[in-house]
Amino acid sequence: MKNNVLIIGGGPAGMEASAQLQRLGYNVILIERESTLGGHLNRWDRLFPEGVPASEPLEALMKNMNGVKCFTDTEIQSINRLDKSFNVILSNGITVLADAVLIACGFDLFDASRKEEYGYGIYDHVITNADLEAWFQSKSDDRIDNPKRVGFVHCVGSRDEKAGCRGCSKVCCVTAVKEACEIKEAFPDAQVYCFYMDLRMFGRHYEDLYLKAQKDYGVRFIRGRVSEVSENQDRSLLVKAEDTLSSKPVQITLDLLVLMAGMRHSEAGRRIADMLNLAPEDDGFFAVRNNLTANQQARMPGLFLAGAATGPKTLPESLADARSAAAAIDHYLTDIFPQTRKLKKLVKKNG
Ligand code: SF4
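Values in this document were obtained by computation on a predicted structure and should not be read as measured data.

Turning to the overall build of the protein, a few remarks are in order. For the protein, the count of helices and strands is 8 helices and 20 strands. Structurally, the protein occupies a C-alpha span of about 70 × 40 × 35 Å along its principal axes. A total of 351 residues make up the protein; the buried ones form 43% of that total. The contacts of the protein with a sequence gap of at least 6 include a subset with a gap of at least 24, amounting to 65%.

Set out below in structure tokens:
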């Protein structure tokens with residue numbers, strides 16, 4: 001009999017792991033709490049560094065999902081570890097006995113209204129990176145009306161002790177640079193500023209994009225944290241910061257300010273961790289068995305982790321993580337269940 005593997009989360013990591021495990025011959029059940037698969041990819045327009053439409057990798061992932069049993073609009077109601085398996089009751093009333101469970105619950109974006117000094121939810125022309133991506137997709141948002149001066153604030157809710165997150169979200173520097181270029185493409189006359197603490201352009205071609213933003217699009221980078229945003233009478237924004245390179249205070253009037261909200265642990269994932277009595281790491285993400293040698297395994301036998309469940313990741317990192325998690329699940333099931341071992345030997349013998 002085939003082993004059941006339950007995947008929790010239908011974002012890129014969950015989809016990739018499902019496809020891999022299906023190919024390895026397991027009975028894969030994927031649940032997703034939203035009505036469609038794809039997670040945050042559905043809400044992003046183009047991806048860094050090349051500007052590929054987010055729909056492209058999503059379509060490729062979708063194509064490999066044949067044979068995977070998917071339940072959308074579905075959440076975990078309860079999950080209990082038995083001797084060698086998990087008894088899982090889903091919100092659609094179905095009970096699954098899973099031999100292994102993979103949590104690929106992704107991440108939540110930081111709630112930018114918690115940083116009151118930036119005025120999100122108070123001033124109309126303060127938006128987030130997610131709002132801007134939605135506008136790139138739909139070109140419909142009254143707050144974005146031919147802006148002449150646009151600012152981006154990096155590290156919103158990341159690297160910020162007060163916001164409860166010391167860690168770097170990893171992807172928002174390059175996302176800000178990408179979005180700054182896209183704003184220039186949409187509004188060629190606009191002057192665009194990025195307020196940053198450090199620029200963490202670690203990935204392949206990211207540095208090229210940064211140079212292109214300066215050379216081809218004239219984006220101005222100001223090293224310094226924004227301390228205060230207020231609204232002028234004409235509803236433009238007055239942004240105060242300190243340029244930490246020149247040690248001078250800076251005041252700029254803008255028509256649009258984009259807050260680069262960082263990646264936080266998923267609250268839905270936290271609820272599942274609570275059901276299993278699993279303590280998170282101090283950054284809120286899932287704890288792994290070993291950060292160096294077993295970082296797709298949770299601290300519970302049979303429970304695995306992939307993608308942003310264990311911290312901020314780029315899309316290619318999440319996909320690679322999902323493939324590693326699928327391999328780790330395959331090893332685990334082959335070790336634990338004699339019938340899986342026998343079945344594999346038989347398949348190998350018969351070619
Ligand atoms: S990637 Fe950049 S913007 Fe994002 S948290 Fe790290 S330093 Fe800040």
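Neighbouring the ligand are 14 residues, the closest being Cys155, Ser158, Cys168, Cys172 and Cys173. The set of elements that each furnish at least two residues to the shell around the ligand consists of strand E12 (149-156) and helix H4 (172-186). Residue composition of the shell around the ligand, by class: 6 nonpolar, 4 polar and 4 charged.

A few words on helix H6 (residues 267-275). Listing the buried residues of H6 in full gives Gly269, Ile272 and Ala273. Taken down its axis, H6 places every buried residue within 100 degrees of arc, on the same side. Of the exposed residues in H6, those oriented more than 90 degrees away from the buried face are Glu267, Arg271 and Asp274. If you follow the buried residues of H6, they end up packed against strand E1 (4-8), strand E6 (76-81), strand E9 (100-103) and strand E19 (263-265). A positive phi of about 55 degrees marks asparagine 277, the residue just after H6.

This part is about the sheet that holds E6. Strand order in the open sheet formed by 3 strands is E6-E7-E8, with antiparallel pairing between adjacent strands. In this open sheet, the two edge strands, each paired with only one partner strand, are E6 and strand E8 (95-98). With strand direction ignored, the average angle separating the axes of adjacent strands in the sheet is 15 degrees. As judged from the 5 bridges shared by E6 and strand E7 (residues 86-90), these two strands associate in the antiparallel manner. By the bridge assignment for E7, asparagine 80 is matched with asparagine 87.

Take the domain arrangement of the protein next. Taken as a whole, the protein is organised into domain 1 (4-106 + 266-349) and domain 2 (112-263). Of note, the centres of domain 1 and domain 2, computed from C-alpha atoms alone, are 33 Å apart. Taken together, the contact pairs 11 residues of domain 1 with 18 residues of domain 2. Looking at the side of domain 1 that touches domain 2 residue by residue, the class counts come to 5 nonpolar, 2 polar and 4 charged.

Attention shifts here to H4. Under the 1.5 Å per step criterion, the end-to-end length of H4 is 20 Å for 15 residues, consistent within 8% with the ideal 21 Å. Summarising burial for H4: 11 of the 15 residues are buried, a large majority. Listed as buried for H4 are Cys172, Cys173, Val174, Thr175, Ala176, Val177, Lys178, Glu179, Ala180, Cys181 and Ile183. Contacts from the buried residues of H4 go to helix H3 (129-138), E12, strand E13 (191-196), helix H5 (206-215) and strand E18 (256-261).

Right, let's get into the sheet that holds E18. Backbone hydrogen bonds are what pair the strands of a sheet, in a parallel or an antiparallel way. Here 5 strands make up an open sheet; going across it, the order is E11-E18-E12-E13-E14 and the pairing parallel. Each of the sheet's edge strands pairs with one partner strand only, and the pair in question is strand E11 (126-128) and strand E14 (220-223). Between one strand and the next, the sheet's axes are offset by a mean angle of 25 degrees, whatever the strand orientation. With 5 bridges connecting them, E12 and E13 associate as parallel partners. Pairing of valine 153 across the sheet is with phenylalanine 195, part of E13. Its contacts with the sheet put H4 on E12, E13 and E18, and the angle it makes with E12 is roughly 170 degrees.

Membership of the largest hydrophobic core comes to 100 residues, with the highest contact counts inside it found for Ile8, Leu102, Ala104, Leu259 and Phe304. Two domains each put at least three residues into this core: domain 1 (4-106 + 266-349) and domain 2 (112-263). Phenylalanine 304 has contacts with Ala100, Val101, Leu102, Gln296, Gln297, Ala298, Ala325, Ala328 and Ile329, leaving out every residue within four places of it along the chain.

Their axes nearest at 11 Å, the elements H3 and H4 cross at an angle of 40 degrees. On the basis of the axis angle, H3 is oblique to H4. Both H3 and H4 take part in a crossing whose hand is left-handed. Seen from H3, the contacting residues are Asn129, Leu132 and Phe136; seen from H4, they are Cys172, Thr175, Glu179 and Glu182. Residue classes in the contact of H3 with H4 are distributed as 3 nonpolar, 2 polar and 2 charged.

Below, the discussion takes up the pairing of strand E16 (residues 237-243). When strand E15 (residues 226-231) meets E16, the two strands line up antiparallel, connected through 5 bridges. Counted as the bridge partner of serine 230 is leucine 238 from E16. Across 7 bridges, E16 lies against strand E17 (residues 248-254) in antiparallel orientation. Paired with glutamate 242 across the two strands is proline 249, which belongs to E17. Linkage of E16 to E17, two consecutive antiparallel strands, is achieved through a turn of 4 residues, within which serine 247 is found at a positive phi near 55 degrees.

Conventions used here
Residues numbered from 1 in each chain as written. Predicted model: local features only at pLDDT ≥ 70, side-chain atom pairs only at ≥ 80, totals over all residues. Helix = DSSP H or I, 4+ residues; strand = E, 2+ residues; numbered from the N terminus. Buried ≥ 20, exposed ≤ 12 C-beta atoms within 10 Å, placed from the backbone. Contact = placed C-beta atoms within 7 Å. Near = placed C-beta within 6 Å. Nonpolar A, V, L, I, M, F, W, Y, C, P; charged D, E, K, R; others polar. Arc of directions from axis to C-beta. Pairing = 2+ DSSP bridges. Axes fitted to C-alpha atoms, helices over the stretch in contact; angles between N-to-C directions. Domains from an automatic or database assignment. Expected span 1.5 Å × (residues − 1). Core = buried A, V, L, I, M, F, W, Y, C linked by C-beta atoms within 7 Å. Parallel < 35°, antiparallel > 145°, perpendicular 65-115°, else oblique. Left-handed = near helix turned anticlockwise from the far one by under 90°.

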